[in-house]
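# Geometric and topological summary
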Number of protein chains: 2
Amino acid sequence: MRTGEFELIRALSELTPVNGETVVGIGDDAAVVKLRGPKAAISTDALVEGSHFKSEWRELVPELFELLGRKLLAVSVSDLASTGAVPKFATVTLGVTPETEEGELLALYKGLGELARTLNVAVVGGDTVKSSTLFFDLTLIGEVKGEPLLRSRAEPGEVVAVTGSFGDSYGGLVQLLKGEVVNRRLVERFLNPPVRLREGLKAAGLGVKCGTDVSDGLAFNLYTVAESSRVAVEVESSKIPVSDDLVNLLGRQKALEAALFGGEDYELIVTAPEKLAEELEKAGFKVIGRVREGSGVFVDGKRIEPKGYDHFCREG
Amino acid sequence: MRTGEFELIRALSELTPVNGETVVGIGDDAAVVKLRGPKAAISTDALVEGSHFKSEWRELVPELFELLGRKLLAVSVSDLASTGAVPKFATVTLGVTPETEEGELLALYKGLGELARTLNVAVVGGDTVKSSTLFFDLTLIGEVKGEPLLRSRAEPGEVVAVTGSFGDSYGGLVQLLKGEVVNRRLVERFLNPPVRLREGLKAAGLGVKCGTDVSDGLAFNLYTVAESSRVAVEVESSKIPVSDDLVNLLGRQKALEAALFGGEDYELIVTAPEKLAEELEKAGFKVIGRVREGSGVFVDGKRIEPKGYDHFCREG
């Protein structure tokens, strides 16, 4: 890439929005923003070539970099959604290689900028550095109005409810790794994860105290709730939302495994008193189980191990 | 590296402090913090192997990773200092390679944690990812009590004042790139940059409106002030602070060039009405020149080009 750092930053910053709370955006030593508080939520997520994506997927998905830009923001929005926070400001670090094409970065910022604009998130700064591995790192800051939803606040007797469906993202990744796209919707589910902000804020508004998002797999993230709340979580496999597309791709048994262990779904898990179940279902959640005293995660009464999703490159 | 992500995060988080304003630190989906506001400052900086450091420098400087951890935070503190903001919360992304030794990351966090503790900065979250290039990315969030110091607020007639000395960092880098340490103080100046937070906050308290820090070289950063304030900046070469160590290493003429174009000094530049000059000097600043109407940067009356410091790897 031959454009200088300063020209590139200028071109990219034109693609990203500010908002009414931005006092100083890109271009000074630090961004200065208005945060109403009293509390702020902060989340950071990186996408790294070889661990989270491969540039060669462009051949299968021409809009790859636009989707990666959107995903870079969406995964942090998911963290804030599951905390009950409203995203406000983002900074982005670009690790750029000699092979990176300027068009790829412009596409990345187009996708990022579009989602940022939709959510009224201002991209206020960051860093652009040379690297021999392409990477993007985003920090998102938001406002917490009431009490944050935490993993550690599940109580015995509560219901367990989730948004969306599980395993689709894994079904998309499998196709990308094979180099053959047979079901495009699943591929898009991996590259273009859902943004469950409305659902997260609705749950917070209903007084839900416990929430998390599913980045490492439904089983693993249920386990983080069980462990940090010192409770047991029981779910019924027949209630776990699994798409027909995924069943068609993998078969029913493997689709359920993908739903439990696949990762990168970016759906929400909440636990809440039973009396909130109906309101949660109206807000787009589905009850899949229950919290009880004890420890561990149980599917159809059988304890499952907290197998993690460790992204697809297991070279470590 | 064989330790799992979750065990590693646990070990690292034990090395980093929280503070009284941390509601939720490392371990949930997002950190939750108390920010008094009304304004926050945000800065992000990355250190990338091959661009900002080489792991092989361990052979010359055994405490390399500890210093890099400290530097990772110090360079963002410099951005906040030059904005007049008090640093409060940091998130850290680690891009870890298969060759990265756990001891290196523990050393990194030891250095980072020590400076964070000194400054009462809480390390509240981040991301750990696999990468084929080792990198560290830190986002720092702080509070702005009054008006932020900006590059764009220099006024004709004001004095130009700086902290510390210039070019030492370049003198240290030159030795590391040669693989031979002849003056250790200069090498430490590159790996262990100063933290001019007290000076930045003092300037803000005095009512100074214009400030920036020197990451890209004194000449370049004076140019950013001149350009964004639409003024000219004149400095006298004899007043630019240059250390005897640097003159001994490079000779007087090359030492002055290093001071002007070397970069990574992490000293502060402010401009202020002449009546504040004495107070600024008491606070550790030295007047080196003056702002006037016009454009550009002049040294001893001669216009100089805004040559940038583009780190040491010019492969881009």
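Residues numbered from 1 in each chain as written. Chains lettered and ligands numbered in written order. Predicted model: local features only at pLDDT ≥ 70, side-chain atom pairs only at ≥ 80, totals over all residues. Heavy atoms only, no water.

Right, let's talk about the overall build of chain A for a bit. In terms of regular secondary structure, chain A is built from ten helices and 13 strands. A compact globule built from 316 residues would reach a C-alpha radius of gyration of about 20 Å, and chain A, at 20 Å, matches this within 12%. Overall, the C-alpha framework of chain A stretches about 60 × 50 × 35 Å when taken along its three principal axes. For chain A, buried positions account for 61% of its 316 residues. In chain A, of all internal contacts separated by at least 6 residues, the share reaching a separation of at least 24 is 85%. A total of about 12000 Å² of accessible surface is found on chain A, and carbon and sulfur atoms cover 47% of it. (Helix = DSSP H or I, 4+ residues; strand = E, 2+ residues; numbered from the N terminus. Rg over C-alpha atoms; globule rule 2.2 N^0.38 Å. Buried < 20%, exposed > 50% of the residue type's maximum accessible area, 1.4 Å probe, protein only. Contact = heavy atoms within 4.5 Å. Areas by Shrake-Rupley, 256 points an atom, 1.4 Å probe, with all protein chains shown as cover.)

Quick look at the interface of chain A and chain B now. Taken residue by residue, the interface counts 61 residues in chain A and 61 residues in chain B. Carbon and sulfur atoms supply 54% of the area that chain A and chain B bury against each other, a total of about 4700 Å² over both sides. Three residues, Asp-29, Ile-42 and Lys-130 of chain A, lead the burial of chain A against chain B; their summed loss comes to 17% of the area buried on that side. Across the salt bridge formed by Asp-29 of chain B and Arg-151 of chain A, the nearest N and O atoms sit 2.7 Å from each other. The tally of links between chain A and chain B comes to 28 residue pairs in polar contact (both at pLDDT 80 or more). Ranked by the residues each element gives to the side of chain A that touches chain B, the list is headed by strand E3 (residues 39–48) of chain A, at nine residues. Its residues assigned to classes, the side of chain A that touches chain B shows 27 nonpolar, 18 polar and 16 charged. (Buried area = accessible area lost by both parts, 1.4 Å probe. Salt bridge = Lys/Arg side-chain N within 4 Å of Asp/Glu carboxyl O. Polar contact = N/O pair within 3.5 Å; in protein donor to acceptor, adjacent residues only side chain to side chain. Nonpolar A, V, L, I, M, F, W, Y, C, P; charged D, E, K, R; others polar.)

Next up on the list: the sheet that holds strand E9 (residues 232–235) of chain B. Within a sheet, adjacent strands bond to each other through the backbone by hydrogen bonds, running parallel or antiparallel. Residue and element names in this part refer to chain B. With mixed pairing, seven strands are arranged side by side in an open sheet as E8-E10-E7-E11-E9-E12-E13. Here the strands that pair on one side only, and so sit at the sheet edges, are strand E8 (210–213) and strand E13 (302–304). The sheet shows a mean angle of 30° between the axes of neighbouring strands, direction not considered. Summarising the sheet, E8 and strand E10 (residues 268–272) pair through four bridges and their orientation is antiparallel. For Gly-211, the partnering residue across the bridge sits in E10 and is Val-270. (Pairing = 2+ DSSP bridges. Axes fitted to C-alpha atoms, helices over the stretch in contact; angles between N-to-C directions.)

Here the focus is the UniProt feature "binding site: Mg(2+) 3" (unreviewed entry) in chain A. The UniProt record annotates "binding site: Mg(2+) 3" (unreviewed entry) at Asp-29, Asp-79 and Asp-213 of chain A. These annotated residues cover 185 residues of sequence, and their C-alpha atoms reach 33.3 Å apart at the extremes, leaving them scattered rather than at a single site. Residue position: Asp-29 of chain A is located in the loop between strand E1 (22–24) and strand E2 (31–34). Since its relative accessible area comes to 7%, Asp-29 of chain A is described here as buried. For Asp-29 of chain A, the residues in contact, after removing those within four places along its chain, are Ser-43, Asp-79, Ser-82, Thr-83, Arg-151, Gly-211, Thr-212 and Asp-213 of chain B. (UniProt positions renumbered as here; feature names shortened; annotations may be inferred.)

Right, let's get into unusual backbone geometry. At Arg-230 of chain A, a residue that is not glycine, the phi angle is positive and equals roughly 55°. Structurally, Arg-230 of chain A can be placed in the loop between helix H7 (218–229) and strand E9 (232–235).

Across all of its chains, the model carries seven aromatic pairs over all chains by this definition. Between Trp-57 of chain B and Phe-190 of chain B, the aromatic rings sit 6.0 Å apart at their centres with planes inclined by 75°, giving edge-to-face as the arrangement. Here the residue Trp-57 of chain B occupies a position in the loop between strand E3 (39–48) and helix H2 (64–81), and Phe-190 of chain B occupies one in helix H5 (residues 184–191), the gap between them amounting to 133 residues. When sorted by exposure, Trp-57 of chain B lands in the same class as Phe-190 of chain B, which is buried. Members of the aromatic cluster, joined through ring pairs, are Phe-53, Phe-65 and Phe-136 of chain A. Of note, Arg-292 of chain A hangs over the ring of Phe-298 of chain A, and the distance from its end group to the ring centre comes to 4.9 Å. (Phe/Tyr/Trp six-rings, centres within 6.5 Å; stacked < 30°, edge-to-face > 60°. Lys NZ or Arg CZ within 6 Å of the ring centre and 35° of its normal.)

It is worth spelling out the relation of the copies chain A and chain B at this point. Once chain A is rotated about the relating axis by 180° and shifted along it by 0.0 Å, it coincides with chain B to within an RMSD of 0.0 Å. Expressed as an axis order, the relation between the two copies is that of a two-fold axis. Nearest to the rotation axis, the C-alpha of Thr-133 of chain A is located 2.8 Å from it, this being the minimum over chain A. When the interface residues of chain A are mapped onto chain B, 100% of them again lie at the interface, so the same face is used by both copies. (Least-squares fit on C-alpha atoms with pLDDT ≥ 70 in both.)

What follows is about the UniProt feature "binding site: Mg(2+) 1" (unreviewed entry) in chain A. If you check UniProt for "binding site: Mg(2+) 1" (unreviewed entry), the listed places come out as Thr-44, Asp-45 and Asp-127 of chain A in our numbering. Mapping Thr-44 of chain A onto the fold places it in strand E3. Residue Thr-44 of chain A is classed as buried on the basis of its relative accessible area of 5%. When sequence neighbours within four positions are dropped, the list of residues in contact with Thr-44 of chain A reads Ser-76, Asp-137, Leu-138 and Thr-139 of chain A together with Thr-91, Thr-93, Gly-126 and Asp-127 of chain B. Here the side chain of Thr-44 of chain A touches Thr-139 of chain A through a polar contact of 3.0 Å, side chain to side chain. With respect to the helices, strands and loops of the structure, Asp-45 of chain A is situated in strand E3. Excluding residues within four positions of it along the chain, Asp-45 of chain A makes contact with Leu-72, Val-75, Ser-76, Asp-79, Phe-136, Asp-137 and Leu-138 of chain A together with Asp-127 of chain B. In this structure the side chain of Asp-45 of chain A is engaged in a polar contact, spanning 3.2 Å, whose partner is the side chain of Ser-76 of chain A.

For the rest of this paragraph, the subject is helix H6 (residues 197–206) of chain A. Every α-helical turn comprises 3.6 residues, leaving residues that sit three or four positions apart pointing alike. Residues and elements named next belong to chain A. Within the sequence span of H6, burial applies to Leu-197, Glu-199, Gly-200 and Ala-203. Angularly, the buried residues of H6 cover 165° about the axis, an arc narrow enough to put them on a single face. Exposed and facing more than 90 degrees away from the buried side of H6 are Arg-198 and Gly-205. (Arc of directions from axis to C-beta.)

Strand order in the open sheet formed by six strands is E5(A)-E4(A)-E6(A)-E3(A)-E2(B)-E1(B), and the pairing between neighbours is mixed. Where the open sheet ends on each side, the last strands, each with one partner, are strand E5 (122–130) of chain A together with strand E1 (22–24) of chain B. Here the average twist between neighbouring strands, direction ignored, is 25°. Two elements, strand E4 (residues 85–96) of chain A and strand E6 (residues 135–144) of chain A, share ten bridges in a ladder whose sense is antiparallel. Within E6 of chain A, the residue paired with Gly-95 of chain A across the bridge is Phe-135 of chain A. Contacting E4, E5 and E6 of chain A, helix H3 (residues 102–119) of chain A crosses the sheet at an angle of about 175° to E4 of chain A.

Remember that side chains alternate between the two faces of the sheet whenever the strand is regular. All names here are of chain B. Where burial is concerned, most of strand E4 (residues 85–96) is hidden: eleven out of the twelve residues are buried. Taken together, the eight bridges between E4 and strand E5 (residues 122–130) define a ladder with parallel strand orientation. The residue bridging Val-96 from the neighbouring strand is Lys-130, located in E5. Crossover handedness for the path E4 to helix H3 (residues 102–119) to E5: right-handed. (Right-handed = clockwise from strand over helix to strand, strands pointing away.)

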